[in-house]
Amino acid sequence: MTVWDDVVGQERVQVQLSAAARDADTRVTLEARREPAPDASKMTHAWLFTGPPGSGRSTAARAFAAALQCTSPDRALGGEPGCGFCDGCHTSLIGTHADVDVIRTDLLSIGVKETRELVRRAQLSPAGGRWQVIILEDADRLTEGAGNVLLKAVEEPASRTVWLLCAPSLEDVLPTIRSRCRHLTLRTPSVAAVADVLIRRDGIEPEAAHSAARATQGHIGRARRLATDERARARRATVLKLPLRVEDIGGCLKAAQELIDAAAEDAKQVAEEVDVKETEDLKAALGASAGGRMPRGTAGAMKELEDRQKRRKTRSQRDSLDLALTDLTGFYRDVLALQMGSEVALANDDVRDSLDRIARGSTPEGTLRRIEAVVACRQALDRNVAPLLAVEAMAVALRAG
């Protein structure tokens, strides 16, 4: 099993990264012998992975990082870097390699302070590996100031430092940064490819794997959660009932409130898994007594943690709500496919009765307006409109058709 096995449905990207890893390996070998590196190389110091959610941007970046750190002796015999079994590959993939930093945020943005720390680390030589690799999974969440801080590091990197930035699209990254990166575009994997991964790697039953992959239209992470988490399946079922519940204004308002409550509950469950441990760890680090009394001068640190947890909860609630709106868009996409007589596979075939009912009771023009209403709701949430107001306005628009 090589490091590329989890890079699903991205054959072209895999070929490019594999070639770059070979050139990087050659460069390190020649430098160790004090021989000049070849002028032409497919390796560069900064990469930008873009693609729709679920396409596997961060997975591809991790696989590339593992290939760069590969220490397999087979390389000397012509083997490809990225064996998947050596210590360099294994620790890179599980996140414990000393020279591979994976940066993700559970907040709404990445600020200047965090970015300066990244830049400082990027100037260090590898501690024991072949390269210093920094994977920034949420490059689209950099503030403008943070982007400007990062720009200098990308412009003038250390000789053995590689930046791997991930974002949904080129437009989500500052032009000055993306112009200094080699760009790789990932596509949404096929339903069959995602199902195969769920069966092969996660041991999920074939029927459940294909159902989850079809329902999420190739989004690997969502498909895995849908196949393994009963709460995710229950939330999706609630969302897909919404189109049948907006027949009057009262139903619209009630459905909107239930959608918001479901997102809040999902965020609460996520927070409960992390917040308690974070708080207890910080109290222990600050020397809290057994009875819970905090030493003097530690209130500021506790307040900072509480603020960060609050921002993370807001992010989790928005992500959960956005996921619900994505499912709702998929529902109306299936309705439109039925109305137009398309032979495209339905994502929500498990609720075919509801799809048929909505399709018979409306027109394709009305369905398009409903899809536009869902898109408008997502845009309103991006502009920080109060979630309940945005969802209520969407529900009323869905009723009007």
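First things first, this report covers the structure right here in the doc. As the structure is a prediction and not an experimental result, all values here were calculated from the model. (Residues numbered from 1 in each chain as written. Predicted model: local features only at pLDDT ≥ 70, side-chain atom pairs only at ≥ 80, totals over all residues. Heavy atoms only, no water.)

**Thoughts on the packing of helix 12 (residues 299-339) against helix 14 (residues 364-382)**
- Running from amino to carboxyl end, helix 12 crosses helix 14 at an angle of 165°, the nearest separation of the two axes being 9 Å. In terms of axis orientation, helix 12 runs roughly antiparallel to helix 14. Seen from above, helix 12 lies across helix 14 with left-handed handedness. Residues Arg 318, Leu 321, Asp 322, Leu 325, Thr 326, Leu 328, Thr 329, Tyr 332, Arg 333, Val 335, Leu 336 and Gln 339 of helix 12 touch helix 14, and the partners they reach there are Pro 364, Thr 367, Leu 368, Arg 370, Ile 371, Val 374, Cys 377, Arg 378 and Leu 381.
- Its residues assigned to classes, the contact of helix 12 with helix 14 shows 12 nonpolar, 4 polar and 5 charged. (Axes fitted to C-alpha atoms, helices over the stretch in contact; angles between N-to-C directions. Helix = DSSP H or I, 4+ residues; strand = E, 2+ residues; numbered from the N terminus. Parallel < 35°, antiparallel > 145°, perpendicular 65-115°, else oblique. Left-handed = near helix turned anticlockwise from the far one by under 90°. Contact = heavy atoms within 4.5 Å. Nonpolar A, V, L, I, M, F, W, Y, C, P; charged D, E, K, R; others polar.)

**Looking at the sheet that holds strand 1 (residues 46-50)**
- The strand order across the open sheet built from 5 strands is 2-3-4-1-5, with neighbouring strands paired in parallel fashion. The open sheet terminates on both sides in strands that have one partner only, identified here as strand 2 (100-103) and strand 5 (182-185). Adjacent strand axes in the sheet meet at a mean angle of 15°, parallel and antiparallel pairs treated alike. (Pairing = 2+ DSSP bridges.)

**A few points about the nonpolar core**
- One finds Leu 259, Leu 328, Phe 331, Val 391, Met 394 and Leu 398 to be the most contacted residues of the largest nonpolar core, which totals 34 residues.
- Elements represented by at least two residues in this core include exactly helix 10 (230-241), helix 11 (249-286), helix 12, helix 13 (352-360), helix 14 and helix 15 (387-400).
- Ranked by the residues each element gives to this core, the list is headed by helix 12, at 8 residues.
- Apart from the residues within four sequence positions on either side, Leu 398 is in contact with Leu 242, Val 246, Leu 328, Tyr 332, Arg 370, Ala 373 and Val 374.
- Among the nonpolar cores identified, the runner-up in size contains 33 residues, and Trp 4, Leu 17, Ala 60 and Cys 83 belong to it. (Core = buried A, V, L, I, M, F, W, Y, C linked by side-chain atoms within 4.5 Å. Buried < 20%, exposed > 50% of the residue type's maximum accessible area, 1.4 Å probe, protein only.)

**Points about the side chain of Ser 18**
- Inspection of the secondary structure puts Ser 18 in helix 1 (residues 11-32).
- Assessed through its relative accessible area of 11%, Ser 18 is described here as buried.
- If we ignore the near neighbours within four places in the chain, the residues touching Ser 18 are Trp 4 and Glu 80.

**A look at the environment of Leu 286**
- Within the secondary structure, Leu 286 is located in helix 11.
- Since its relative accessible area comes to 26%, Leu 286 is described here as partly exposed.
- Spatially, the C-alpha atom of Leu 286 lies 9.5 Å from that of Met 302, the residues being 16 residues apart in sequence.

**As for the pattern of salt bridges**
- Counted under the stated rule, the structure contains 24 salt bridges.
- Between Arg 62 and Glu 137 there is a salt bridge, with the nearest N and O atoms lying 3.7 Å from each other. Of the two residues, Arg 62 is situated in helix 2 (residues 57-68) and Glu 137 in the loop between strand 3 (132-136) and helix 5 (144-155); the sequence distance between them amounts to 75 residues.
- A salt bridge links Arg 121 to Asp 101, with the nearest nitrogen and oxygen atoms 3.2 Å apart. (Salt bridge = Lys/Arg side-chain N within 4 Å of Asp/Glu carboxyl O.)

**Some points on the packing of helix 10 against helix 12**
- Following both chains from N to C, one finds helix 10 and helix 12 inclined at 55°, their axes separated by 9 Å at the closest point. The pairing of helix 10 with helix 12 is recorded here as oblique in orientation. For the element pair helix 10 and helix 12, the recorded crossing hand is right-handed. Contacts from Arg 235, Arg 236, Val 239 and Leu 240 of helix 10 reach helix 12 at Ser 320, Leu 323, Ala 324, Asp 327, Leu 328 and Phe 331.
- Classifying every residue of the contact of helix 10 with helix 12 gives 6 nonpolar, 1 polar and 3 charged.

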